[in-house]
Amino acid sequence: MKDPVRIAITGGAGQISYSLIFRIAAGDMLGPDQPVILQLLEIPQAMDALNGVVMEVNDCAFPLVQDIVATDDPNVAFKDADFALLVGARPRGPGMERKDLLEANAAIFSVQGKALNDNASRNVRVLVVGNPANTNALIASCNAPDLNPRQFTAMTRLDHNRALTQLAQKTGKRVTDVDSMIIWGNHSATQYPDLAHTKVAGKPAFDLVERDWYENDFIPTVQQRGAAIIKARGASSAASAASSAIDHMRDWALGTDQVVSMAIPSDGSYGIAEGIIYSYPVRCQNGDYEIVQGLEIDEFSRGKMKATEDELREERAAVEHLLG
Ligand code: NAD
Ligand code: LMR
């Protein structure tokens, strides 16, 4: 039996966590042979609800769950954490843009960055799900000077998965037939879902779909999917967000043959400003990720990649005072 790993999850009583915690406990993130200790963080007002979630996890009698910690203290939640999924934040409601959340949620991530710095395992892998996810990850990372910025990532895997299904449905193929999907930039309406390098069952996607569909249907559909879910459900995506968070962490920790999209600190690749948390195509191996290099970028793509970069630079400027 392997030693247990410690997984911190913030916003433990929220709707994403209500799916996420149970799937992690079942072994979906790190495999059926990896015991886990769940360390769940909430705000004081939500501790009753969190205790109810803990009761339910206990009632499942998951063989992999060795212990559950429920707390409103980030220093306790992040103690020796090997993985941290930062989900807790205020979600946007109908009619709101993600940047409306910037101020409301920024403070949370500076506190949590410090708590990770002071308490987490030196190898902790951090995924920020709470919006605006990219800039929240930047804030957390800047408040954790003793950790490597590469340990801080944000989630664009949901966008990636949404794009996979849109293309598979359009071409009458399966998601497993799609190779090299790419989401560039921000987890927001400026993100650029790029099909220029994508193949479906070995054929270039552009040989199978019309340019008009790509520019005027596919791209806006993926960009606006979060808003469409909010409109339809009256609440933001939850089970799909949890599923994508599991995909992101599993691939990062255990590796994958696929090109996947992760928002990570830019190292300047593809001319993107260094330091912002920008979604790139990556390959994950040996517990690490690497940006896919050498892709040819045409003028259309360059414009889209720049627009989402500009938005992230603006977000960074708006939270400058929290970046230490
Ligand atoms: P929710 O309101 O149901 O749950 C959020 C939980 O976080 C609440 O229980 C709240 O009490 C808790 N919380 C708030 N501040 C906290 C803090 N400082 N510490 C710990 N917990 C705290 O929201 P949700 O639907 O679960 O969504 C959570 C976040 O995820 C939102 O910001 C949402 O916009 C975002 N989201 C991101 C993606 C993505 O693809 N990156 C997808 C879906 C949702
Ligand atoms: C999503 O993409 O579903 C989430 O980020 C929720 C939102 O506000 O769009």
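Residues numbered from 1 in each chain as written. Chains lettered and ligands numbered in written order. Predicted model: local features only at pLDDT ≥ 70, side-chain atom pairs only at ≥ 80, totals over all residues. Heavy atoms only, no water.

For the protein chain, the name recorded in an unreviewed UniProt entry is Malate dehydrogenase, with Billgrantia zhangzhouensis as its organism. UniProt annotates the protein chain under Catalytic activity (unreviewed entry) with the comment "(S)-malate + NAD(+) = oxaloacetate + NADH + H(+)". Here is the UniProt Function (unreviewed entry) comment for the protein chain, exactly as written: "Catalyzes the reversible oxidation of malate to oxaloacetate." (UniProt positions renumbered as here; feature names shortened; annotations may be inferred.)

**Q** Hey, could you go over the overall build of the protein chain for me, with residue numbers and the actual values?
**A** Regarding its fold elements, the protein chain presents eleven helices and 14 strands. In terms of overall size, the protein chain behaves like a compact globule, its C-alpha atoms giving a radius of gyration of 19 Å where 324 residues would be expected to give roughly 20 Å. For the C-alpha atoms alone, the extent of the protein chain along its principal axes is close to 50 × 45 × 40 Å. Across the protein chain, contacts joining residues at least 24 apart in sequence account for 72% of those joining residues at least 6 apart. (Helix = DSSP H or I, 4+ residues; strand = E, 2+ residues; numbered from the N terminus. Rg over C-alpha atoms; globule rule 2.2 N^0.38 Å. Contact = heavy atoms within 4.5 Å.)

**Q** Account for the sheet that holds strand β10 (residues 199-200), naming residues and giving values.
**A** Taken in spatial order, the three strands make up an open sheet running β7-β10-β11, and their pairing is antiparallel. Each end of this open sheet is capped by a strand with a single partner; those strands are β7 (178-179) and β11 (203-204). Relative to β10, β7 runs antiparallel, the two sharing two bridges. Pairing of aspartate 179 across the sheet is with lysine 199, part of β10. (Pairing = 2+ DSSP bridges.)

**Q** Before we move on, could you go through the site of ligand 1 and cite the residues and values that matter?
**A** Contacts to ligand 1 come from 25 residues, most closely from Gln15, Ile16, Glu42, Val129 and Asn131. Note that an oxygen atom of ligand 1 is positioned 2.8 Å from one of the side-chain N or O atoms of asparagine 131. Here ligand 1, which alone exposes 860 Å², has 86% of that area covered by the protein. Of all the elements in the fold, those that place two or more residues in the shell around ligand 1 are α1 (15-25) and α4 (102-119). Taken together, the residues of the shell around ligand 1 break down into 13 nonpolar, ten polar and two charged. (Near = heavy atom within 4 Å. Polar contact = N/O pair within 3.5 Å; in protein donor to acceptor, adjacent residues only side chain to side chain. Areas by Shrake-Rupley, 256 points an atom, 1.4 Å probe, with all protein chains shown as cover. Nonpolar A, V, L, I, M, F, W, Y, C, P; charged D, E, K, R; others polar.)

**Q** Break down the nonpolar core for me, with residues and values.
**A** Core analysis: the largest hydrophobic core is formed by 71 residues, its most contacted members being Ile7, Leu38 and Leu85. Among residues more than four places away in sequence, those in contact with isoleucine 7 are Ile24, Met29, Leu30, Val36, Ile37, Leu38, Gln39, Phe83 and Leu85. By size, the runner-up hydrophobic cluster in this structure holds 28 residues, among which are Leu116, Val128, Ile139 and Ala154. (Core = buried A, V, L, I, M, F, W, Y, C linked by side-chain atoms within 4.5 Å. Buried < 20%, exposed > 50% of the residue type's maximum accessible area, 1.4 Å probe, protein only.)

**Q** Now, about the UniProt feature "binding site: substrate" (unreviewed entry) in the protein chain: what can you tell me, with residues and values included?
**A** Within this numbering scheme, the UniProt entry marks Arg92, Arg98, Asn131 and Arg162 as carrying the feature "binding site: substrate" (unreviewed entry). Examined against the element boundaries, arginine 92 turns out to sit in the loop between β4 (83-86) and α4.

**Q** Run through the UniProt feature "domain: Lactate/malate dehydrogenase C-terminal" (unreviewed entry) in the protein chain, naming residues and quoting values.
**A** In the UniProt entry, the feature "domain: Lactate/malate dehydrogenase C-terminal" (unreviewed entry) is given for residues 156-320. Within residues 156-320, the helical portion is 47% and the strand portion 19%, while the C-alpha atoms at the span's ends are 23 Å from each other.

**Q** Residue-level account of helix α10 (residues 239-254), with values.
**A** Taking 1.5 Å of rise per residue, 16 residues should cover 22 Å, and α10 covers 22 Å from first to last C-alpha, within 8% of that figure. Where α10 is concerned, the buried positions are Ala241, Ala242, Ser244, Ala245, Ile246, Asp247, His248, Met249, Asp251, Trp252 and Ala253. Count one or two residues on from α10 and you reach glycine 255, which has phi positive near 90°. (Expected span 1.5 Å × (residues − 1).)

**Q** An account of the environment of lysine 306 is needed here, citing residue identities and associated values.
**A** Note on placement: lysine 306 falls in helix α11 (residues 299-318). In this structure lysine 306 comes out as partly exposed when scored by relative accessible area, which is 43%. Expressed as a C-alpha distance, the spacing of lysine 306 and threonine 190, which sit 116 residues apart in the sequence, is 9.6 Å.

**Q** Quick rundown of the environment of proline 74? Include the residues and the values.
**A** Residue placement: proline 74 occurs in helix α3 (residues 74-77). Through-space distance from the C-alpha of proline 74 to that of glutamate 299 is 45 Å; in sequence the pair is 225 residues apart. Every residue in contact with proline 74, bar those within four places of it in the chain, is listed here: Leu41, Val111 and Ala115.

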